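A look at the structure
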Amino acid sequence: MELVSGLLSRVWLLAGLSDATDDKRSKKMEEKALEVYDVIRTIRDPEKPNTLEELDVVTEKCVEVQELGDDEYLIIIRFSPTVPHCSLATLIGLCLQVKLQRCLPFKHKLEIYITEGTHSTEEDINKQINDKERVAAAMENPSLREMVEQCVTEPDD
């Protein structure tokens, strides 16, 4: 009977440690998500003099971070264009890609999506903004690159 009791105690102890580890991991992911959000919230809208945060295109809730391995993370961003037919949604996605690639100090993979139901062509745009070759080609276009730079550059840079 003591053997069973001892084993149960160990199982509960390990379960408690597991919960503590999960809590630490969860807290770490929340901190990483806030770090990501701090980078993207100041991106300027291509048409308006506002930031994506001010227009509710991005919010803290739109950023999810998952641990992939040692100091490597998967970042998932779901942004909401201001109108369902926003012609600049792809450009906003490109701005998110560029700023995060430049500014994040840790190794990461990035997935950017339009929040489901917020754009009339979200599926096509999602494919474009997550295609590395299309992103690279877009950044070779001088006028497009200049628009992205205007959006991602901090006002006091």
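Treat the numbers as computed from the prediction; the structure is a model and nothing was measured.

What about the pairing of strand S2 (residues 72-79)?
Along S2, seven of the eight residues are buried, which leaves the element largely enclosed by surrounding structure. In this sheet, S2 lies alongside strand S1 (residues 63-69) in antiparallel orientation, the contact comprising six bridges. Across the sheet, the residue bridging to valine 63 is isoleucine 77, located in S2. What sits between the antiparallel neighbours S1 and S2 is a turn of two residues, in which aspartate 71 has the positive phi angle 50°. In this fold, the crossover linking S2 to strand S3 (residues 107-114) by way of helix H2 (residues 89-103) has right-handed handedness.

Side note on helix H5 (residues 142-152)
Those residues of H5 that fall on the buried side of the exposure criterion are Val148, Cys151 and Val152. Buried residues of H5, viewed axially, fall in a sector of 85°; they line one side. Exposed and facing more than 90 degrees away from the buried side of H5 are Pro142 and Gln150. The inward-facing, buried residues of H5 contact H2 and helix H4 (132-140).

A closer look at the sheet that holds S1
On the basis of which strands lie adjacent, the open sheet formed by three strands has the order S1-S2-S3 and mixed pairing. Pairing within the sheet leaves two strands with one partner each, and these edge strands are S1 and S3. Along the sheet, successive strands turn relative to each other by an average axial angle of 20°, direction set aside. The sheet contact formed by S2 and S3 spans eight bridges and is parallel. Across the sheet, residue isoleucine 77 finds its bridge partner in S3, namely isoleucine 112. Together, S2 and S3 form the strand contacts of H2, whose direction differs from that of S3 by roughly 165°. On top of the sheet, helix H3 (residues 122-129) reaches S2 and S3; it is set at about 160° to S3, its chief contact.

Calculation criteria
- Residues numbered from 1 in each chain as written.
- Predicted model: local features only at pLDDT ≥ 70, side-chain atom pairs only at ≥ 80, totals over all residues.
- Heavy atoms only, no water.
- Buried < 20%, exposed > 50% of the residue type's maximum accessible area, 1.4 Å probe, protein only.
- Helix = DSSP H or I, 4+ residues; strand = E, 2+ residues; numbered from the N terminus.
- Pairing = 2+ DSSP bridges.
- Right-handed = clockwise from strand over helix to strand, strands pointing away.
- Arc of directions from axis to C-beta.
- Contact = heavy atoms within 4.5 Å.
- Axes fitted to C-alpha atoms, helices over the stretch in contact; angles between N-to-C directions.

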